[in-house]
Amino acid sequence: MRALYDFLVNFQDSYNNWFMVVYASLYVIFYLVFAFLSYYAIRKYVLTKHYINEDVLLKSNQALGVSIVAPAFNESTTIVYNVKSLISLSYPKYEVIIINDGSTDDTLEKLIEEFDLVKVPFYYQEHIKTAPVRGHYKSKKTIYSKLLVVDKENRKSKADGSNAGINSSQYPFFVCTDVDSILNPNTIVKLIKPFIESKTKVIASGAAIRSSNSCTFDEGFLVQVHFPTKWYPMFQELEYVRSFLFGRMAWSQVNALILVSGGLGMFDKEVAIKAGGYTHNSFAEDMDLIIRMRKVMYDEEIKFKITYIPESLCWTEVPPNLSILMRQRVRWARGLIQTLLVHKNMFFHPKYGNTGWFALPYFFLFEFLTPIIETFGLFLIISSLTLSYFYGDFIYSDFLMWPLLFVYLFYINITIISILLDELLYKSYANISEILKLIGMALIEPFFYHPILVVAALKGYWRFFIKKEAIWGVMVRKGFKLIEK
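Notes on the structure in this doc start here.

Rules used throughout
- Residues numbered from 1 in each chain as written.
- Predicted model: local features only at pLDDT ≥ 70, side-chain atom pairs only at ≥ 80, totals over all residues.
- Heavy atoms only, no water.
- Helix = DSSP H or I, 4+ residues; strand = E, 2+ residues; numbered from the N terminus.
- Buried < 20%, exposed > 50% of the residue type's maximum accessible area, 1.4 Å probe, protein only.
- Contact = heavy atoms within 4.5 Å.
- Pairing = 2+ DSSP bridges.
- Salt bridge = Lys/Arg side-chain N within 4 Å of Asp/Glu carboxyl O.
- Phe/Tyr/Trp six-rings, centres within 6.5 Å; stacked < 30°, edge-to-face > 60°.
- Arc of directions from axis to C-beta.
- Core = buried A, V, L, I, M, F, W, Y, C linked by side-chain atoms within 4.5 Å.
- Patch = residues over 30% accessible without salt bridge, like charges linked within 9 Å, V, L, I, M, F, W, Y side chains within 5 Å.
- Areas by Shrake-Rupley, 256 points an atom, 1.4 Å probe, with all protein chains shown as cover.

Things to note about the overall build of the chain
Along its length, the chain carries 14 helices and 13 strands. When burial is assessed residue by residue, the chain has 54% of its 485 residues classed as buried. For the chain, the share of sequence-separated contacts (at least 6 apart) that also reach a separation of at least 24 residues comes to 80%.

In structure tokens:
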């Protein structure tokens, strides 16, 4: 034990002080830069007078066609409400493509019965290789003419279902979403505007996603947004507000965004197909697609950008308990390291601009490495405290306390600013008590929720490196809280 004690003393004196100071300083600097960029991007979005009025676009006969692609696997609980919501969006020219991805429940049967579907001949072009498609279904009723249901064999990934939907789509742009998600009625209008207004070619656009766990719905339509009442959805709501409003808006501002959520994103279909569509064996298929789309544009030497909208346009049911949350985050961690390794040749390559110089290195240093460094630091702290108890000298004193306190205060300030900015701009919650609850959760998040994410990340890394068989798991839907009539 004395040898370990001496090692810790020497390690602190020789390496740890400088390493921790430099790493923490870089982390804080990056967040300050993100805060400035996000504020600038949001202010620009709010104050800019867009030359295309949304009301005019809604009535235009020249609107760009958009395909909504939504894979469904065992979504019997909410499938009817979800489809009704999707086919009621406000936009003059779009289709809704529901992919029944080999469901083992009665998802397809419910769709056929509710929307009076029949199997139809369909010219299916397999631009992207997928599992076999068994058939296409259309409704006999004109009111449901926008709806197309694709029935296919399951390949154990959402990516394969999305690719089948892309292959079946007729329009030049597609929105990829989860079938259990509820979209704002003006979602298509808001996502398509950057493609129309920008002088630079836009290849993808995204927007903020929020938790629907405690929101009130009426037949698939959002009636009232509420702060989640359960412990884990509360923390996820907080996480979503911070990451979407601050992180992705900042990356979008410097045209280095490499992640548009699989829950809601609009894409240029031609570029997506050139990139090979979604990778069916990827655990981060949304991030992987964006990087490959960016690579296509870099390789073809075409100027482009990916935009993000600081508005909440999508509500989805987040993991309600620890078991499902861990399964989700383990998969995300595996996806992160998998994607970074697949695209390692883009790191610091001059050809790939901000993606290679900034985005990918940042995700390696501050997304992939952070859980490892935090765990190592915790090990040092616990070991030091334990050994100091036996040998009488406290190895870490002010060196530990003040930097940790500074990082904690900085972290919660960023989070609280995100909450207040979101409420100021969009009035997302029902009353002031919900905002105060969210701020209260921000104060305890580093102690109760963040450690869970660290454990999940390390578990994901371990499973990736030992090449444990990938299991996607099933998100058990509880359905929506409906209004009483």
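So that's the structure; there's more coming.
Looking at the pairing of strand β4 (residues 133-139)
When strand β3 (residues 117-120) meets β4, the two strands line up antiparallel, connected through four bridges. Directly across from L117, in β4, lies its bridge partner S139.

Some words on the pattern of salt bridges
Summed over the entire model, instances satisfying the criterion amount to 19 salt bridges. For D178, the salt bridge is made with K158, and the minimal N-O distance between the two is 2.7 Å. Here the residue D178 occupies a position in the loop between β6 (173-177) and β7 (182-183), and K158 occupies one in helix α5 (residues 158-168), the gap between them amounting to 20 residues. Here D178 falls in the partly exposed class, since its relative accessible area comes to 22%. R292 is the partner of D288 in a salt bridge, and the nearest nitrogen-oxygen pair spans 2.8 Å. Placement of both D288 and R292 in helix α9 (residues 285-299) is noted, with a separation of four residues, approximately one turn of the helix. Side by side, D288 and R292 carry an identical accessibility label, which is buried. Connected via shared salt-bridge partners are D101, K152, R155 and D160.

Section: the sheet that holds strand β5 (residues 147-152)
In space, the 10 strands of this open sheet follow the order β3-β4-β5-β2-β1-β6-β11-β8-β12-β7, with mixed pairing throughout. Unpaired on one side and paired on the other, β3 and β7 mark the two borders of the sheet. Judged from the four bridges that link them, strand β1 (residues 66-72) and β6 form a sheet pairing that is parallel. Counted as the bridge partner of V69 is C176 from β6.

A look at unusual backbone geometry
If you check the backbone angles, N74 has positive phi at about 55 degrees while not being a glycine. Tracing the chain through its elements places N74 in the loop between β1 and α3 (79-86). Judged by relative accessible area, which is 25%, N74 ranks as partly exposed. With a phi close to 50 degrees, N255 is a non-glycine residue in the positive phi region. Note on placement: N255 falls in the loop between α7 (231-253) and β11 (264-268).

Describing the packing of aromatic side chains
Between two aromatic rings, the relevant description is the distance of the centres plus the angle of the planes. The full count for this structure, using the stated rule, is 30 aromatic pairs. Ring centres 6.2 Å apart and planes at 15 degrees place the aromatic pair F244 and Y308 in the stacked group. Within this pair, whereas F244 is found in helix α7, its partner Y308 is found in strand β12 (residues 304-316), the two being separated by 64 residues in sequence. Looking at Y308, the relative accessible area reads 5%, which means it is buried. A connected cluster of aromatic rings, assembled from ring pairs, spans Y27, F30, Y31, F34, W251, Y362, F363, F366 and F410.

Things to note about helix α4 (residues 107-115)
Those residues of α4 lying buried are T107, L108, L111 and F115. Each buried residue of α4 sits inside an arc of 100 degrees when the element is viewed along its axis, so together they form one side. On its buried face, α4 is in contact with β1, α3, β2 (94-101), β3, β4 and β5. Taken from the residues just after α4, D116 is the one with a positive phi, measuring 55 degrees.

Considerations on the nonpolar core
Among the nonpolar cores identified, the biggest contains 114 residues, and V66, Y91, I98, L147, L264, M266 and F267 are the most heavily contacted of them. Among the elements that make up this core, the one with the highest residue count is helix α1 (residues 2-47) (nine residues). Residues in contact with Y91, not counting those within four places in the same chain, are L57, L58, A63, L64, V66, I188, V189 and I192. If you look at the next biggest cluster of nonpolar residues, it comprises 21 residues, including F227, L325, M326 and L453.

Description of a nonpolar patch on the surface
A cluster of nonpolar side chains, contributed by V22, L26, I29 and V33, occupies part of the molecular surface with about 310 Å² of accessible area. Of note, V22 is situated in helix α1.

Section: the environment of K140
Relative to the helices and strands, K140 is located in the loop between β4 and β5. By relative accessible area, K140 is classed as exposed at 57%. Between the alpha carbons of K140 and F115 there is a distance of 8.1 Å; along the sequence they are 25 residues apart. Once residues lying within four places of it in the same chain are set aside, the contact partners of K140 are D116 and V118.

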